[in-house]
Amino acid sequence: MSRPVAIVTGVGPGTGSAITRRLDSAGYAVAMLARNRERLAAFEAEIAHAKAYPCDVTDEGQLDIVLAAVRHDLGTPAVLVHNAVGGAFGSFLDIDPKVLAANFQVNTMALLHLARRLAPDMIQAGTGAIVVTGNTSALRGRANFAGFAPTKAAQRILAEAMARELGPKGVHVAYVVIDAVIDVPWARKRYADAPDSFFIKPAAIASEVLHLVQQDRSAWSFNVEIRPFGEKW
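Let us look at the structure shown here.

The rules behind the values
Residues numbered from 1 in each chain as written. Predicted model: local features only at pLDDT ≥ 70, side-chain atom pairs only at ≥ 80, totals over all residues. Heavy atoms only, no water. Helix = DSSP H or I, 4+ residues; strand = E, 2+ residues; numbered from the N terminus. Buried < 20%, exposed > 50% of the residue type's maximum accessible area, 1.4 Å probe, protein only. Core = buried A, V, L, I, M, F, W, Y, C linked by side-chain atoms within 4.5 Å. Contact = heavy atoms within 4.5 Å. Phe/Tyr/Trp six-rings, centres within 6.5 Å; stacked < 30°, edge-to-face > 60°. Lys NZ or Arg CZ within 6 Å of the ring centre and 35° of its normal. Pairing = 2+ DSSP bridges. Axes fitted to C-alpha atoms, helices over the stretch in contact; angles between N-to-C directions. Parallel < 35°, antiparallel > 145°, perpendicular 65-115°, else oblique. Left-handed = near helix turned anticlockwise from the far one by under 90°. Nonpolar A, V, L, I, M, F, W, Y, C, P; charged D, E, K, R; others polar.

## A short note on unusual backbone geometry
Although it is not a glycine, Asn-144 adopts a positive phi angle of roughly 75°. Take Asn-144: it is sitting in the loop between β5 (128-135) and α5 (149-166). For Asn-144, a relative accessible area of 44% translates into the label partly exposed.

Structure representation (structure tokens):
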């Protein structure tokens, strides 16, 4: 039997690749989307049922080409995990407004473009899942997050609007607020004195994403917050 097809955007060495590995181990064929062609090729060589599709998710023309290729190579996608992220730090007085606009394209508009192209098949099938990885900025605007937080808040609200429309049609939409520093090499270097309990593991995030993808429809979650046990919130 053919594997159900999942698309994961923003596949890099942290959360994206962990989600890909978890979906692969759970029986999915995974289409990996990211801009870094070489890194995707390395993941493709390592992960048995994952296929690389280099793509800039803000480019609708590229998305159309890639999604056509995914359907041809793997089949009709039943799952979308939008993990691609654009971020920047800085005061609203200092940032270039173009930075906010660019991040909005990655975080919010790419979700809209992907969902508009994938949801109709899910609706027709009466099943499917769209999971978006977010973070604390989706819930609050802090100083020096002006180039990022507004885009994540808009992303969460878009996902909620989608969930309210798609849920009654059998398609589960969920938003994962990752309230933690993700355990990746650059974060370990930046927070060198932090204990292990300070970090959230990419594999643990991936397990929660899979749980949402496979969640029983009698008890669907939408807004899911995950954090290490030691996180202050």
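## Quick look at the nonpolar core
Formed by 34 residues in total, the largest nonpolar core has its most connected members in Ile-7, Leu-33, Ile-130, Met-162 and Val-173. At the level of secondary structure, the elements contributing two or more residues to this core comprise β1 (5-9), β2 (29-34), α3 (60-73), α4 (97-125), β5, α5 and β6 (171-178). Among the elements that line this core, the one with the most residues is α4, at eight residues. Apart from residues no more than four positions distant in its own chain, Met-162 is found in contact with Leu-111, Ala-115, Ile-130, Gly-167 and Val-173.

## What about the packing of aromatic side chains?
Here the structure, examined in full by the defined rule, presents three aromatic pairs. Ring geometry for Phe-89 and Phe-145: centres 5.1 Å apart, planes at 90°, overall edge-to-face. With Phe-89 in the loop between β4 (77-82) and α4 and Phe-145 in the loop between β5 and α5, the pair connects residues that are 56 residues apart, well separated along the chain. Of the residues examined, Phe-89 reaches a relative accessible area of 61% and is grouped as exposed. With 5.1 Å between their ring centres and 90° between their planes, Phe-198 and Phe-199 make a pair best called edge-to-face. Residue classification places Phe-198 among the partly exposed positions, given a relative accessible area of 27%. A relative accessible area of 5% places Phe-199 in the buried class. One aromatic cluster is present, built from ring pairs that chain together Tyr-191, Phe-198 and Phe-199. Directly above the ring of Trp-233 sits Arg-227, whose terminal nitrogen or CZ lies 3.8 Å from the centroid.

## Points about the environment of Ala-125
Of note, Ala-125 is situated in helix α4. By relative accessible area, Ala-125 is classed as exposed at 55%. It is 8.8 Å that separates the C-alpha atoms of Ala-125 and Ala-78, two residues lying 47 residues apart in sequence.

## Topic: the sheet that holds strand β3 (residues 50-54)
If you walk across this open sheet you meet the seven strands as β3-β2-β1-β4-β5-β6-β9, and the pairing is parallel. In this open sheet, the two strands that pair with only one neighbour each are β3 and β9 (223-226). Strand-to-strand twist across the sheet, computed as the mean angle between neighbouring axes with direction ignored, equals 20°. Bridge count for β2 against β3 is five bridges, and the pairing is parallel. If you follow Met-32 over to β3, its bridge partner there is Ala-52. Helix α2 (residues 37-46) rests against β2 and β3 of the sheet, and its axis sits at about 170° to β3. In the packing of α4 onto the sheet, the strands contacted are β1, β4, β5 and β6, and the crossing angle to β4 comes to about 165°.

## Observations concerning the pairing of β9
Where burial is concerned, the two faces of β9 differ: the one with Val-224 and Ile-226 is buried and the one with Asn-223 and Glu-225 is not. As paired elements, β6 and β9 share four bridges and run parallel to each other. Following the sheet pairing, Ile-178 is matched in β9 by Ile-226.

## A short note on the packing of α4 against α5
Contact geometry for α4 and α5: axes closest at 9 Å, N-to-C directions at 15°. It follows that α4 is roughly parallel to α5 by the angle criterion. As α4 runs across α5, the sense of the crossing is right-handed. Across the interface between the two elements, Leu-100, Asn-103, Phe-104, Asn-107, Thr-108, Leu-111, Leu-112, Ala-115, Ala-119 and Ile-123 of α4 pack against Pro-150, Thr-151, Lys-152, Ala-154, Gln-155, Leu-158, Ala-159, Met-162 and Leu-166 of α5. Taken together, the residues of the contact of α4 with α5 sort by class into 13 nonpolar, five polar and one charged.

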